[in-house]
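Coordinate analysis (summary)
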Amino acid sequence: MKSTHLSLIAGAAVLAAVTGFATVTAPGAPAESTAKSATLLPVERAGLVCPAPSNSDLAETQYTAFTPAGEGGEAKGAAELKPALPIVDDEDETDPKKAEKAEEAAKKARAKAEKPVLAVKEPGKPVVAEANGAGAPALVGTATGKLAPGWTAQQTTEVTAGGSRGLLGVTCTAPDTDFWFPGASTAKSRQDYIHLTNPDDTGAVADIELYGPEGALKSDVADGITVPARSSVAVLLSTLTSEAVDQLTAHVTTRSGRIGAVVMSADDSAGSDWITASEDPSGTLVMPGIPADATSVQLVAFAPGEDDADVKVQLMGKNATFSPAGNATLHIKSSMTASADLKDLTRGEPGSLRLSPVRKDRATPIVAALRVVRGKGDKQEIAYIPATGPVGARATVPDNRAEGSTLSLTAPGATAKVKVTASAGSGGGEPAVETYTVKAGTTLAVTPKAPEGLKGSYALTVETTSGGPVHASRSLALASDGVQMFTVQTLPDDRGMVEVPSARQDLSVLDD
């Protein structure tokens, strides 16, 4: 019987190192003793998925992948992103000639899917690839060994005209089973597609729930959506319900398998961008990096539990924290989406939004996101900032250019210090390091110091060195025909290191 326990615990420890599970605790072991005995080890395997970039023929997309320099796992490793497989029509083909052509096309697609679009060869140096037009596929990939800890990828797409006009940026996501998207829409002026990408060799089945200001929206077709193996499916949200709702919350879960999920949102009058998932439901949330010149900011929040939520709305500005006039608090009814028009609340200074419970003893879990507009009239452009976790030990964002990158750092608690490393460029250049102090309750927006001799794009890695937690985002801006197009990516902890309990501590609780 004891040998069975030994096998289970040893296997659990290996699983923690490979998958990133934070802690494995033996039955009955005190949490405190387990924490003391835990060892930090680098993850040895990581997965990412990137959605299909655009349905516009005018789209110009740059992919960037990067693993930060530092302690890795095995001496060797690989990090590759490959095209997802196209969806094959399930209908039986009775015409032999057509069936033969279909099989030949499928073979070519499978062969193409085995050729990496991006392959990181060494930590500390980004790699880039380009794809133009509407035919660029979704990507799926895995990193192992020394290239796994902190492996990240960015997909940046420029569309200069049409309904998808804008600068669309998204950090490729790790596969999961549960996602929340406050700020999505089924309104007639919006075209919101939720992209579901399956990285595994078996099919996944997903459900989509939509919640508006009056509660759940009726739908007969949002359940049991099949996502074939190593494929991607895009679902137009307005086809899931007959109700046109301007601001809603989309909830994606899987019945089987894992997926990556992200929403592409296009507004007829204000451009387009990706909506990435909010941090998991929590009583306190932070949305970092509202641009100083934002002309409109809209908060969208949702309480998924059985209890209503009353939250304080606070802007952490350049010098202090304060509540916006007329929007000091927000009441969020259970299972109903709430929103608040915060207008141009930053008023020429950068800021970050914090939501916290009005009563500390009633910290109802919520999810939230911001819809941010720059410009006016036909010169508008939008981006979304979801609630995000702190930088923690380390976080990275690739695809920074010589001009147009702004790093926003906010410390909602105590004053903190962070180290910011600009990597070598994808085409050349020497890394640069800067240290910043972020005062408690404020937001610091900086133009990163680019690598000396920069060629191509570079990655920014943020590490907390002392003080309280820091939340961060990167804004990338690009002017086009008088429109200041921009996109914002948040920087949560990359989970490149995990706590693995020591075998000695685990085995001691079984030695009786």
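This write-up is about the structure you can find in this document. (Residues numbered from 1 in each chain as written. Predicted model: local features only at pLDDT ≥ 70, side-chain atom pairs only at ≥ 80, totals over all residues. Heavy atoms only, no water.)

**Some points on the overall build of the chain**
Check the secondary structure of the chain and you find 4 helices and 38 strands. Working note: accessible area of the chain is about 22,700 Å², and carbon and sulfur atoms make up 50% of it. (Helix = DSSP H or I, 4+ residues; strand = E, 2+ residues; numbered from the N terminus. Areas by Shrake-Rupley, 256 points an atom, 1.4 Å probe, with all protein chains shown as cover.)

**Topic: the nonpolar core**
Ranked by size, the top nonpolar core spans 30 residues in total, and within it L299 and L353 carry the most contacts. With sequence-adjacent residues up to four places away left out, L299 is seen in contact with M287, V313, L330, A338, S339, A340, L342, L353, L355, A368, A369 and L370. Grouped together as the second largest cluster of nonpolar side chains are 29 residues, V227, V235, A261 and Y384 included. (Core = buried A, V, L, I, M, F, W, Y, C linked by side-chain atoms within 4.5 Å. Buried < 20%, exposed > 50% of the residue type's maximum accessible area, 1.4 Å probe, protein only. Contact = heavy atoms within 4.5 Å.)

**Description of the pattern of salt bridges**
Scanning all chains against the criterion turns up 12 salt bridges. Among the salt bridges present, the one from D341 reaches K343, with a minimum N-O distance of 3.7 Å. The exposed category is assigned to K343, whose relative accessible area is 52%. (Salt bridge = Lys/Arg side-chain N within 4 Å of Asp/Glu carboxyl O.)

**Topic: a negative patch on the surface**
Residues E306, D307, D308 and D310 make up a contiguous surface patch of negative charge. With relative accessibility at 39%, the residue D310 sits in the partly exposed group. (Patch = residues over 30% accessible without salt bridge, like charges linked within 9 Å, V, L, I, M, F, W, Y side chains within 5 Å. Lys, Arg positive; Asp, Glu negative; His and termini not counted. Charge placed at Lys NZ, Arg CZ, Asp CG, Glu CD.)

**What to know about the side chain of T388**
Tracing the chain through its elements places T388 in the loop between β27 (381–386) and β28 (395–400). On the accessibility criterion, T388 (4% relative accessible area) is buried. Beyond its immediate chain neighbours, meaning those up to four positions away, T388 contacts E279, V286, P288, H471, A472, T490 and P492.

**Looking at the pairing of strand β10 (residues 178–184)**
Counting buried positions over the 7 residues of β10 gives 6, a clear majority of the element. By the bridge criterion, 6 bridges tie β10 to strand β16 (residues 248–256) in an arrangement that is antiparallel. Residue pairing in the sheet places A184 in a bridge with L248 of β16. (Pairing = 2+ DSSP bridges.)

**With respect to the state of the cysteines**
Applying the stated criterion across every chain, the model contains 1 disulfide. With its sulfur 2.0 Å from that of its partner, C50 forms a disulfide with C172. On the sign convention where negative is left-handed, the bridge of C50 and C172, at about 110 degrees about the S-S bond, is right-handed. Of this pair, C50 sits in strand β2 (residues 45–50) while C172 is found in the loop between β9 (166–171) and β10, placing the two residues 122 residues apart along the sequence. Residue classification places C50 among the buried positions, given a relative accessible area of 1%. On the accessibility criterion, C172 (5% relative accessible area) is buried. (Disulfide = S-S within 2.5 Å.)

**Digging into the sheet that holds strand β11 (residues 190–197)**
One open sheet holds the 4 strands; their spatial order is β15-β11-β17-β18, and the pairing between them is antiparallel. Both outer strands of the open sheet, β15 (232–236) and β18 (271–275), are each paired with one neighbouring strand and no more. Along the sheet, successive strands turn relative to each other by an average axial angle of 20 degrees, direction set aside. The pairing of β11 with strand β17 (residues 260–267) spans 8 bridges and is antiparallel. Considered in β17, the bridge of I194 is made with V263. (Axes fitted to C-alpha atoms, helices over the stretch in contact; angles between N-to-C directions.)

**Description of the sheet that holds β2**
The strand order across the open sheet formed by 4 strands is β2-β7-β4-β5, and the pairing between neighbours is antiparallel. Across the chains shown, the open sheet's two edge strands, defined by having one partner strand only, are β2 and β5 (118–120). In this sheet, neighbouring strand axes are inclined to one another by 15 degrees on average, regardless of whether the strands run parallel or antiparallel. Relative to β5, strand β4 (residues 79–83) runs antiparallel, the two sharing 3 bridges. Bridged to L81 within β5 is L118.

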